[in-house]
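Summary of structural features
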Amino acid sequence: MSMEQQGARELLSDRNLALELVRVTEAAALAASRWMGLGNKNEADGAAVTAMRRAFDTVEISGTVVIGEGEMDEAPMLYIGEKVGSGGPAMDIAVDPLEGTNLCAKGGPNALAVIALAEHGKFLHAPDIYMDKIAVGGGLPPGVVDLDASIEDNLRNLARAKNCDISDLVACLLDRERHEEKIARIRALGARIMLISDGDVAGVMATTQPESGVDIFFGIGGAPEGVLAAAALRCVGGQMQGRLVFENEEQIARSRDMGIADPHRKFELLELAAGDVLFAATGVTSGAMLRGVRRFGHGAVTHSVVMRSKSGTVRYVEAHHSYATKPAAQHY
Ligand code: VTB
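Residues numbered from 1 in each chain as written. Predicted model: local features only at pLDDT ≥ 70, side-chain atom pairs only at ≥ 80, totals over all residues. Heavy atoms only, no water.

1. Looking at the site of the ligand
Let me state the cut-off plainly: Near, as used in this document, describes a residue that has one of its heavy atoms within 4 Å of the molecule or strand being considered. Whenever two N or O atoms come within 3.5 Å, that pair is a polar contact, provided that in protein one can donate a hydrogen and the other can accept it, and provided that, for residues adjacent in sequence, both atoms are side-chain atoms. Here the accessible surface of atoms and residues is derived via Shrake-Rupley with a 1.4 Å probe, and residues count as covered only by protein chains that are part of the display. All amino acids are sorted into three groups, where Ala, Val, Leu, Ile, Met, Phe, Trp, Tyr, Cys and Pro are nonpolar, Asp, Glu, Lys and Arg are charged, and the leftover types, Gly among them, are polar.
The local shell around the ligand consists of Glu 99, Gly 100, Tyr 130, Leu 174, Arg 176, Arg 178, Asp 198, Gly 199, Asp 200, Gly 221, Gly 222 and Glu 225. At 2.4 Å, a side-chain N or O of Asp 198 approaches an oxygen atom of the ligand. Here an oxygen atom of the ligand and a backbone polar atom of Gly 199 are 3.0 Å apart. Summarising the interface, the protein chains cover 76% of the accessible area of the ligand, which totals 410 Å² for the free molecule. Across the shell around the ligand, the residue classes tally to two nonpolar, four polar and six charged.

Written out as structure tokens, the structure reads:
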């Protein structure tokens, strides 16, 4: 096979794979949506995990989960190191079958089923601890914000780059006590704030969408969610930095065990998610970017996004899942 033919073949398989991934996030979202608002986040999460794990069986990759549901001894499925897929190119996989378990359990906005894929070794193997994050959308000068700069400098620089007043800016943060000081300083400077109860993958992604009204994401959330958000930003443009936040020595040791030579360093976007990245997400509940699963007597409708960093394509997929040809036991 000529190099051109091989290149074309790789491109095609990569493209097909992107669409296959949507089927996997759809399956997780459909399963989780059955538990929307029922007040049971563990059942919702379990349903999403089982459905996602099953859907991976038909995806033609030799996948290894690097960001998943936890260590092998604490998660029965989609644990770190688990092999998934029916065989094919070796890929690393980052998953969050239900990002925002609380959101789903309460019927709140922005619960998502999320997957990112890259070649082996391209995602930061982030342990399930905290990460301090800063993110802004695309089209801004490189380095316009920095995790090590003060909140005030970051907001001033961002306002200058966006040619607006600080009072025009909206910062998104998780609504947590640990952010009290940050929130006070943002307010003192005159910028506005959107506090979210959970779901910082959606929070970071909101910075990339002008219609979301969010200009910048600040603060400490999950480290695995940081890698997933970085994968998304790699596809749509935007800037992000993250630094692991440790609560004890054991977490530092665990990070080293996971291959992070200097656990205290600041990671740039390309260190969180490098190489050619595929990203897919399906809405479980409606949010700024995706509509949640809607159910009818005859089936359900899902809304997903799938993106490839190589081409920069962002595709929204509305899928109508019909019960017409399925026995009742197979209704999603
Ligand atoms: C965030 C958020 C998640 O965890 O990462 C958050 O995106 C951080 O942890 O949806 P705390 O809840 O301990 O603050 C979630 O809320 C749940 O995974």
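Next comes the rest of the write-up.
2. Section: the domain arrangement of the protein chain
To keep it simple, the criterion reads: Boundaries of every domain are those given by an automatic assignment or by a domain database. Residues are treated as being in contact if the distance between any of their heavy atoms lies within 4.5 Å. Buried surface area refers to the total accessible area, computed with a probe of radius 1.4 Å, that the two partners give up upon joining, counted for both partners together. Within this document, salt bridges are pairs made up of a side-chain nitrogen of Lys or Arg and a carboxyl oxygen of Asp or Glu, the two lying within 4 Å of each other. Labels follow the DSSP assignment, with helices taken as runs of H or I lasting at least four residues and strands as runs of E lasting at least two, numbered in each case from the N terminus.
Taken domain by domain, the protein chain holds domain 1 (3-123 + 277-330) and domain 2 (130-272). Here domain 1 and domain 2 have C-alpha centroids that lie 24 Å from each other. Contacts between the two partners involve 26 residues from domain 1, matched on the other side by 21 residues from domain 2. Surface buried jointly by domain 1 and domain 2 totals about 1900 Å² across both partners, of which 72% is contributed by carbon and sulfur atoms. Taken together, the links from domain 1 to domain 2 amount to zero salt bridges. Applying the counting rule to domain 1 against domain 2 returns three residue pairs in polar contact (both at pLDDT 80 or more). Among the elements of the structure, strand S3 (90-99), helix H3 (101-106), strand S4 (112-119), strand S11 (277-283), strand S13 (299-308) and strand S14 (314-322) are those that each provide at least two residues to the side of domain 1 that touches domain 2.

3. A closer look at the pairing of S11
Residues in a regular strand project their side chains so that they alternate between the two faces of the sheet. Convention followed: In this scheme, a residue with accessible area under 20% of its type's maximum is buried, one over 50% is exposed, and one in between is partly exposed, where area comes from a 1.4 Å probe on protein chains only. One bridge is not enough; two strands pair if DSSP finds at least two bridges between them.
Among the seven residues that make up S11, seven are buried, leaving the element largely enclosed by the rest of the structure. Sheet analysis places S11 next to S13, joined by five bridges and oriented antiparallel. In the sheet register, Ala 281 faces S13, and the bridge partner there is Val 305.

4. Brief notes about empty space enclosed by the protein
The criterion, for reference: Detection works on a 1 Å grid of protein atoms alone, calling trapped sets that fit a 1.4 Å probe cavities and calling open sets with protein on both sides within 12 Å along at least five of seven lines pockets, with lining residues defined by an atom within 4 Å of a point. Grid points are joined across faces, edges and corners, and a volume is the space filled by probe spheres set on the points.
The final tally for this structure, using the stated rule, is one cavity of 30 Å³ or more. Taken as a whole, the largest cavity holds about 50 Å³ of empty space. Taken together, Ile 67, Gly 68, Glu 69, Gly 70, Ile 80, Ala 126, Pro 127, Asp 128 and Pro 224 make up the lining of the largest cavity. A per-class count over the lining of the largest cavity returns five nonpolar, two polar and two charged.

5. Some thoughts on the pattern of salt bridges
Side chains carrying opposite charge are able to pair once their charged atoms draw close together. Under the counting rule described, the total for this entry stands at 17 salt bridges. We note a salt bridge from Arg 53 to Glu 82, for which the minimum N-O separation is 2.6 Å. Here the residue Arg 53 occupies a position in helix H2 (residues 41-56), and Glu 82 occupies one in the loop between strand S1 (62-67) and strand S2 (83-84), the gap between them amounting to 29 residues. The pair Arg 53 / Glu 82 is uniform in exposure class, with both members buried.

6. Some words on the packing of helix H4 (residues 151-161) against helix H5 (residues 180-189)
Heads up, the condition is: The axes used here are C-alpha line fits, helices contributing only the stretch in contact, and every angle between their N-to-C directions lies in the interval 0 to 180 degrees. Any angle that falls under 35 degrees is termed roughly parallel, while one over 145 is termed roughly antiparallel, one within 65 to 115 roughly perpendicular, and all others oblique. Take the far helix as your reference; a near helix turned counterclockwise from it by less than a right angle gives a left-handed crossing, and one turned clockwise gives a right-handed crossing.
Where H4 meets H5, the axes come as close as 10 Å, and the angle between the chain directions of the two elements is 45 degrees. Relative to H5, the element H4 is oriented oblique. For the pair H4 and H5, the sense of crossing is right-handed. Along its contact with H4, which presents Ile 151, Glu 152, Leu 155 and Arg 156, the element H5 presents Lys 182, Arg 185, Ile 186 and Leu 189. Residue classes in the contact of H4 with H5 are distributed as four nonpolar, no polar and four charged.

7. As for the sheet that holds strand S6 (residues 170-174)
The pairing of strands in a sheet happens through backbone hydrogen bonds and is either parallel or antiparallel. The sheet built from six strands is open, its strands ordered S7-S6-S8-S5-S9-S10 with mixed pairing. If you trace the sheet from one side to the other, it starts and ends with strand S7 (192-196) and strand S10 (267-268), each paired once. Note: S6 against S7, five bridges, orientation parallel. By the bridge assignment for S7, Val 170 is matched with Arg 192. Where H5 meets the sheet, its contacts fall on strand S5 (130-136), S6, S7 and strand S8 (216-222), and the angle it forms with S7 comes to roughly 155 degrees.

8. Some thoughts on the side chain of Glu 225
So the rule is basically this: Asp and Glu are treated as the negative residues and Lys and Arg as the positive ones, with His and the ends of the chain left uncounted.
Along the chain, the position of Glu 225 falls in helix H7 (residues 223-236). Look at Glu 225: it is buried, it has no salt bridge, and the nearest opposite charge is Lys 133 at 5.2 Å. Ignoring sequence-local partners within four residues, the contact set of Glu 225 consists of Asp 96, Glu 99, Lys 133, Asp 200 and Val 201.

9. Remarks on the pairing of S14
Note that S13 and S14 share nine bridges and pair antiparallel. Bridge pairing links Thr 302 to Ala 319 in S14. From the end of S13 to the start of S14, which pair antiparallel, there are five residues, and Gly 312 there has a positive phi angle of about 70 degrees.

10. Some points on the packing of aromatic side chains
Just so we agree on the cut-off: In this analysis, rings of Phe, Tyr and Trp, with Trp reduced to its six-membered ring, are considered paired at centre separations within 6.5 Å, and the interplanar angle assigns stacked below 30 degrees, edge-to-face beyond 60, and tilted for intermediate values. By definition, being over a ring means that NZ of Lys or CZ of Arg is both within 6 Å of the ring centre and within 35 degrees of the ring normal.
According to the stated counting rule, one finds one aromatic pair in the structure shown. Sitting over the ring of Tyr 130, Arg 178 keeps its end group 4.4 Å from the ring centre.

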